[in-house]
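Close look at the chain arrangement
Residue strings, one per chain:
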Amino acid sequence: MAVCSYLVFPAVGEREAVHTELSSMPGCDVVPSTNRDVLMLITDTPGRREDDQLRKTLELMPGIEALLFTFGELPGAKGAPALADRREDTR
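Residues numbered from 1 in each chain as written. Predicted model: local features only at pLDDT ≥ 70, side-chain atom pairs only at ≥ 80, totals over all residues. Heavy atoms only, no water.

This paragraph deals with the pattern of salt bridges. Taken as a whole and judged by the stated rule, the model has 2 salt bridges. Residues Arg15 and Asp37 are paired through a salt bridge, measuring 3.4 Å at the closest nitrogen-oxygen approach. Separated by 22 residues along the polypeptide, Arg15 in helix H1 (residues 15-23) and Asp37 in the loop between strand E2 (28-32) and strand E3 (39-45) bring together distant segments of the chain. On the accessibility criterion, Asp37 (56% relative accessible area) is exposed. Its salt-bridge partner being Asp51, residue Arg55 comes within 2.9 Å of it at the nearest N-O pair. Taken together, the positions of Arg55 and Asp51, both in helix H2 (residues 48-60) and 4 residues apart, correspond to about one turn of that helix. (Salt bridge = Lys/Arg side-chain N within 4 Å of Asp/Glu carboxyl O. Helix = DSSP H or I, 4+ residues; strand = E, 2+ residues; numbered from the N terminus. Buried < 20%, exposed > 50% of the residue type's maximum accessible area, 1.4 Å probe, protein only.)

Below, the discussion takes up H2. Every α-helix winds through 3.6 residues per turn, so residues three or four apart in the chain are directed the same way. Under the 1.5 Å per step criterion, the end-to-end length of H2 is 19 Å for 13 residues, consistent within 8% with the ideal 18 Å. Those residues of H2 that sit buried are Asp51, Leu54 and Leu58. In a view along the axis of H2, the buried residues occupy a sector of 65°, so they form one face of it. Looking at H2, the residues exposed on the side facing more than 90 degrees away from the buried face are Arg49, Lys56, Glu59 and Leu60. (Expected span 1.5 Å × (residues − 1). Arc of directions from axis to C-beta.)

For H1, the complete set of buried residues consists of Arg15, Val18 and Leu22. The arc that holds every buried residue of H1, seen down its axis, measures 70°, which confines them to one face. For H1, the exposed residues lying more than 90 degrees away from the buried face are Glu16 and Thr20. On its buried side, H1 packs onto strand E1 (2-10), E2, E3, H2 and strand E4 (64-73). (Contact = heavy atoms within 4.5 Å.)

Here it is, written out as structure tokens:
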């Protein structure tokens, strides 16, 4: 399971159209900002391959001026341990 988040900056006048399009895509949850023309996008795909396909789709989507990758927990990715592995037991 690949979970990622992005800040999506729609082109001027395209916020609602981009929000609607992203919301209709499987594995995508969209949270609009209340004080800026920016959307927070959280994606949840079955694996790395599907995440790569979704990212390519997002990069080519009309109406998106900029797409900022902010977090990714991808299966099989090298680097930092998964978030669950870094949590401290606070009990």
